[in-house]
Amino acid sequence: MRRILSHAVALTLSVAPLSAQTADSIIHRYIQTSGGMAKIQAIQTIRRTGRFQGGGGFEAVVVQENKRPGSVREEFSLQGMTGINAYDGKNGWKIEPWNGKRDAEALSEEEMRQILEDADFDGPLIDYQKKGNRVELVGTEQVEGTDAYKLKVTLANGDVSYYYMDTEYCVPIKIETQRMIRGAQQEFETSLGDYKQVAGVYMAHAYEMGRPGSQDKSRITYDKIEANVTLDDQRFARPGVRP
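Criteria and cut-off values
Residues numbered from 1 in each chain as written. Predicted model: local features only at pLDDT ≥ 70, side-chain atom pairs only at ≥ 80, totals over all residues. Heavy atoms only, no water. Helix = DSSP H or I, 4+ residues; strand = E, 2+ residues; numbered from the N terminus. Expected span 1.5 Å × (residues − 1). Buried < 20%, exposed > 50% of the residue type's maximum accessible area, 1.4 Å probe, protein only. Salt bridge = Lys/Arg side-chain N within 4 Å of Asp/Glu carboxyl O. Phe/Tyr/Trp six-rings, centres within 6.5 Å; stacked < 30°, edge-to-face > 60°. Pairing = 2+ DSSP bridges. Contact = heavy atoms within 4.5 Å.

1. Comments concerning helix α2 (residues 23-34)
Item 1. Between its first and last C-alpha atoms α2 spans 16 Å; for 12 residues at 1.5 Å apiece the expected length is 16 Å, and the two agree.
Item 2. Every buried residue belonging to α2 is among Ala23, Ile26, Ile27, Arg29, Tyr30, Ile31, Thr33 and Ser34, and all of these are buried.
Item 3. One or two residues past the end of α2 sits Gly35, with phi positive at roughly 145°.

Structure follows, in structure tokens:
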């Protein structure tokens, strides 16, 4: 599923032994491979449009819009209905029409933890210290035959994820997440691939998600990712409430 980055990028990078690596050096290489901090910060909005594929041939259209510093809107459309999860930087809300609910309601505490991660425009690795996150290099492992650095990422809220960074390009190819759901710890894993440039920054266009060891996986494939599109703040605000 994963598409290797262009060979030209590889020629600009060298791979140092693990003993010479630190979490910060790996994150630095990740930033440089992605396109550099200047190009990353030049992107102020992103719109991702694609398809969700679940078990039994289930499909839906998905749209995710992000705006700096921390707003996100996620749409999930099927059978003429569109569900929405959104966060305007202060409040989270949702609309779930398939449950007969047409009005917006507040996100639950568990849903808020998830959407706050989605609202992190650059992800938890970039400027991790300013965000109150902790990142540790805990070793190397193989991911489907590819050598990867394993970074332990502890978010400010206490949630823990393990980021597997391709040793050749230092981009994430797999993320393992541990999260409390209804009082019990749950584990999930996400594989990332099909990296393509968007406004000079490499971004994953394919995601495969599920529980570790399970063959029942869901997939999101983004057909289009657009940078610096016009997104009014009202897109993220709960209907009837100004941000």
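2. Describing the pattern of salt bridges
Item 1. Counting across every chain of the model gives 18 salt bridges.
Item 2. In this structure, Asp122 engages Arg68 in a salt bridge whose closest nitrogen and oxygen atoms are separated by 2.9 Å. You can see Asp122 sitting in the loop between α4 (109-119) and β7 (134-143) and its partner Arg68 sitting in the loop between β2 (59-67) and β3 (71-78), a full 54 residues away along the chain.
Item 3. What makes Arg68 partly exposed here is its relative accessible area of 21%.
Item 4. For Arg235, the salt bridge goes to Glu75, with nearest N and O atoms at 3.3 Å. Of this pair, Arg235 sits in the segment after β13 (218-227) while Glu75 sits in strand β3, placing them 160 residues apart in sequence.
Item 5. If you follow the salt bridges from partner to partner, you end up with Arg47, Glu65, Arg73, Glu75, Glu226 and Arg235 in one network.

3. Quick notes on the packing of aromatic side chains
Item 1. Applying the stated rule across the entire model yields 5 aromatic pairs.
Item 2. Seen from their ring centres, Phe76 and Trp98 are 6.0 Å apart, and the 80° between their planes marks the pair as edge-to-face. With Phe76 in strand β3 and Trp98 in the loop between β5 (92-95) and β6 (105-106), this pair connects stretches of sequence that are 22 residues apart.
Item 3. Classification of Phe76 as partly exposed rests on a relative accessible area of 23%.
Item 4. For Trp98, a relative accessible area of 38% puts it in the partly exposed group.
Item 5. Taken together, the ring pairs connect Phe52, Phe58, Phe76 and Trp98 into an aromatic cluster.

4. Considerations on the pairing of strand β11 (residues 184-198)
Item 1. The pairing of β11 with strand β12 (residues 201-210) spans 9 bridges and is classified as antiparallel. Its bridge partner being in β12, Thr190 is matched across the sheet by Met209.
Item 2. The turn linking β11 back onto β12 is made up of 2 residues, and Ala199 within it adopts a positive phi angle of 55°.

5. Looking at the environment of Trp98
Item 1. With 16 residues separating them along the chain, Trp98 and Thr82 place their C-alpha atoms 8.5 Å apart.
Item 2. In this structure, Trp98 is in contact with Phe76, Leu78, Met81, Thr82 and Gly83, ignoring residues within four places of it in sequence.

6. Focus on the pairing of strand β9 (residues 160-166)
Item 1. Counting buried residues along β9, 7 of its 7 residues qualify, which places the element largely inside the surrounding structure.
Item 2. Where burial is concerned, the two faces of β9 agree: the one with Val160, Tyr162, Tyr164 and Asp166 and the one with Ser161, Tyr163 and Met165 are both buried.
Item 3. In terms of strand pairing, strand β8 (residues 146-154) meets β9 through 7 bridges, oriented antiparallel. Residue Thr154 lies in a different strand from β9, and its bridge partner there is Val160.
Item 4. As consecutive antiparallel partners, β8 and β9 are separated by 5 residues, and within that stretch Gly158 has a phi angle of approximately 100°, a positive value.

7. Brief notes about unusual backbone geometry
Item 1. A cis amide bond links Arg68 with the next residue in sequence, Pro69, at an omega value of 0°.
Item 2. Along the polypeptide, Pro69 turns up in the loop between β2 and β3.
Item 3. Even without glycine at this site, Gln79 takes up a positive phi of about 50°.
Item 4. Turning to its location among the elements, Gln79 is positioned in the loop between β3 and β4 (81-87).
Item 5. Backbone geometry places Cys170, a non-glycine residue, at a positive phi of 60°.
Item 6. Topologically, Cys170 is positioned in the loop between β9 and β10 (172-181).

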